[in-house]
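Each chain, letter by letter, is given below.
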Amino acid sequence: MSKQDEVILSGIRPTGRLHYGNYFGAIQKFIVLQEQGLRCYYFIADYHALTTASERVDYFRYTLDMLRTYVACGLDPSKSIIYRQSDVPCTAELALLLGMVTHVGFLERGTTYKDTVAKLPGGTTRGPEGNPIPYGLLGYPVLMAADILIVRADTVPVGDDQRQHVEMAIDIAEKFNRRFDTVALKIPKPVVRNAVRLPGLDGAAKMGKSDNNDLGLLDDEKIVLKKIKAVQTTTDPTPIEGASDDPDDVIPQMPPSVGALYRLLSLLAPEEVYLDFTRKYRRGEKFYGVLKTTLADYVNAFNAPIIEAFNAPGNNDESIKEFLTENAKKVTPVALETVEACREAIGIGRSLHRA
Ligand code: ATP
Ligand code: MG
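This structure is a prediction, so every number in the text was calculated from the model and none was measured.

A. Expanded view of the pattern of salt bridges. Considering all chains together, one arrives at 21 salt bridges under this definition. Residues Lys227 and Asp219 are paired through a salt bridge, measuring 2.8 Å at the closest nitrogen-oxygen approach. What makes Lys227 partly exposed here is its relative accessible area of 25%. Via salt bridges that share partners, Arg61, Asp65, Arg68 and Asp317 belong to a single interconnected network.

B. Region of interest: the pairing of strand E1 (residues 7–12). Counted residue by residue, E1 has 5 buried out of 6 residues, so it is predominantly covered. In this fold, the crossover linking E1 to strand E2 (residues 39–44) by way of helix H1 (residues 20–35) has right-handed handedness.

C. Spotlight on the sheet that holds E1. Spatially, E1-E2-E3 is the arrangement adopted by the 3 strands of the open sheet, whose pairing is parallel. Looking at the sheet topology across the chains shown, the edges are occupied by E1 and strand E3 (81–84). Between one strand and the next, the sheet's axes are offset by a mean angle of 20°, whatever the strand orientation. Bridge count for E1 against E2 is 6 bridges, and the pairing is parallel. Each bridged residue has a counterpart across the sheet, and for Ile8 the counterpart in E2 is Cys40. In the packing of helix H3 (residues 59–73) onto the sheet, contacts are made with E1, E2 and E3, and the angle to E2 comes to roughly 145°.

D. Seen up close, unusual backbone geometry. The backbone of Asp181 shows a phi angle near 50°, a positive value even though the residue is not glycine. As for its placement among the helices and strands, Asp181 is situated in the loop between helix H9 (163–179) and helix H10 (221–229). Under the relative-accessibility criterion, Asp181 is labelled exposed at 73%. One non-glycine residue, Asn212, lies in positive phi territory at about 55°. Here Asn212 is to be found in the loop between H9 and H10. Owing to a relative accessible area of 75%, Asn212 belongs among the exposed residues under this scheme.

E. Highlighting H9. Its 17 residues place the ends of H9 25 Å apart at the C-alpha level, agreeing with the 24 Å of an ideal helix rising 1.5 Å per residue. Turning to H9, its buried residues are Arg163, His165, Val166, Met168, Ala169, Ile170, Ile172, Ala173, Phe176 and Asn177. Following H9 by one or two positions, Asp181 has its phi on the positive side, about 50°.

F. Seen up close, the site of ligand 1. Neighbouring residues of ligand 1: 21 residues in total, closest Thr15, His19, Asp161, Lys206 and Ser210. Contact distances for ligand 1 include 2.7 Å between an oxygen atom and a side-chain N or O atom of Lys209. The protein chains hide 95% of the 590 Å² of surface that ligand 1 would expose on its own. Sorting the residues of the shell around ligand 1 by element identifies E1 and H1 as the ones contributing at least two each. Considering every element that reaches the shell around ligand 1, the biggest residue donor is H1, with 4 residues. Partitioning the shell around ligand 1 into residue classes produces 6 nonpolar, 10 polar and 5 charged.

Conventions and cut-offs
- Residues numbered from 1 in each chain as written.
- Chains lettered and ligands numbered in written order.
- Predicted model: local features only at pLDDT ≥ 70, side-chain atom pairs only at ≥ 80, totals over all residues.
- Heavy atoms only, no water.
- Salt bridge = Lys/Arg side-chain N within 4 Å of Asp/Glu carboxyl O.
- Buried < 20%, exposed > 50% of the residue type's maximum accessible area, 1.4 Å probe, protein only.
- Helix = DSSP H or I, 4+ residues; strand = E, 2+ residues; numbered from the N terminus.
- Right-handed = clockwise from strand over helix to strand, strands pointing away.
- Pairing = 2+ DSSP bridges.
- Axes fitted to C-alpha atoms, helices over the stretch in contact; angles between N-to-C directions.
- Contact = heavy atoms within 4.5 Å.
- Expected span 1.5 Å × (residues − 1).
- Near = heavy atom within 4 Å.
- Polar contact = N/O pair within 3.5 Å; in protein donor to acceptor, adjacent residues only side chain to side chain.
- Areas by Shrake-Rupley, 256 points an atom, 1.4 Å probe, with all protein chains shown as cover.
- Nonpolar A, V, L, I, M, F, W, Y, C, P; charged D, E, K, R; others polar.

Bear in mind that shape data such as this cannot, by itself, settle questions of function.
What follows is the structure, given as structure tokens:
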């Protein structure tokens, strides 16, 4: 396979505004791959957003704003096939078929599921009906497998938090092909081990749209400063012996919230700037105030062109809806081909009403 034939797929849930974790874990890679001229499918995962929903939310509004942010960041709907997951509903049909070869025990090992269980006060035995976790959340990896497999993706650029889900998709595809003695599903490549996982401003291991700990790409100067100033930096730095200047060496030894600030700085500022802060930290010097204002400056400089492009007159709901419609039409043929091949492999036969 030549590099130009490589198929890329990745999605983001419309659960809020895009943040720095989304950018450095996903969007930055989306743009690089797009510019290499590969066949890139980037979708807004509105079905996936429902796995953690407890009430009606205007997901379409989030979808439109997220796509305006995509465009503002440099994603180009004439180069990449940017679409909405629910506009290709045969993804749900493929998920149903894949669910038939996927054991519940396998899904119970999923990190998203396990994290949700861990947060339940009474564990999964709570409530009159027992396990209160929705079937859709347990089945999240099956739907994600369908997203990947339906377009015959080779590479799935995602942040480190999603690495396990891609591995599960590979397992599900291999099992399906083995069980039905078919090559209907193309097996994607695993996610590289060194994928980014940006911590939250609260020091949590992951910044997340749904976790109220994010720094957003559309945050204005006032909000940026407010969020960064609010980061907990009450513990003084303690001198670190033996570590190199490498952020990967030093950050794990910092209090998590300070590490979050420092990780951001290492992504945004030139090396000499963040290494200067590392050295100060290693010597046990106090510098948190300057660290925060320096970081805020870099964040504001990064956000300014994105905010401007987000608000540009041509980047509006109508233009987004137009390309969503056009691009969904580009995904549907390959998606139907995959589903039909799977239907045949299982034995229910091809659909009698689709072309
Ligand atoms: P939610 O909290 O609603 O799940 P999220 O911020 O986790 O939102 P997703 O839509 O689940 O975002 O994920 C979109 C992409 O962004 C995925 O590729 C995911 O790996 C990546 N991503 C999300 N958060 C981070 C993070 N903190 N560091 C690196 N990558 C991230
Ligand atoms: Mg997530």
